[in-house]
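Coordinate analysis (summary)
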Amino acid sequence: MSQFESLRASSLYCNKCAKAMPVREVLLLVLPDKEIYDYLCTGCSSSLGSREVSAGDLMVSKAAMGRRRAVRSPASPYPLGY
Ligand SMILES: [Zn+2]
């Protein structure tokens, strides 16, 4: 099923080549809060587009909310009031 994943944004229309061409994804710029990728035509190496990936998409939040369970003390073996 990896074929479907490789299909997305793998080809874009190129004006110079006058047809949809396979593109190469190149990491263009790395910023503190995002990364910018450039799509280059594999035929003429002209830029066909770019994509920004925000840091929020890159980093998976590890803030797992570990809820502490209140430990219930077992009922007293000695009944109260009697
Ligand atoms: Zn081209």
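Residues numbered from 1 in each chain as written. Predicted model: local features only at pLDDT ≥ 70, side-chain atom pairs only at ≥ 80, totals over all residues.

1. Looking at the environment of Val26
- Within the fold, Val26 resides in strand β2 (residues 19–30).
- Here the alpha-carbon distance between Val26 and Ser47, two residues 21 residues apart in the chain, equals 10.0 Å. (Helix = DSSP H or I, 4+ residues; strand = E, 2+ residues; numbered from the N terminus.)

2. A look at the sheet that holds β2
- Overall, antiparallel pairing links the four strands, which are arranged β1-β2-β3-β4 in an open sheet. Two strands in the sheet have a free side with no partner beyond their single neighbour: β1 (11–14) and β4 (47–54). Ignoring which end each strand starts from, the neighbouring axes of this sheet average 40° apart.
- The sheet contact formed by strand β3 (residues 34–41) and β4 spans seven bridges and is antiparallel. (Pairing = 2+ DSSP bridges. Axes fitted to C-alpha atoms, helices over the stretch in contact; angles between N-to-C directions.)

3. Quick notes on the pairing of β3
- Summarising the sheet, β2 and β3 pair through seven bridges and their orientation is antiparallel. Following the sheet pairing, Val30 is matched in β3 by Glu35.
- In this antiparallel pair of consecutive strands, β2 and β3, the connection spans three residues.
- Two successive antiparallel strands, β3 and β4, enclose a turn made up of five residues, where Ser45 displays a positive phi of approximately 65°.

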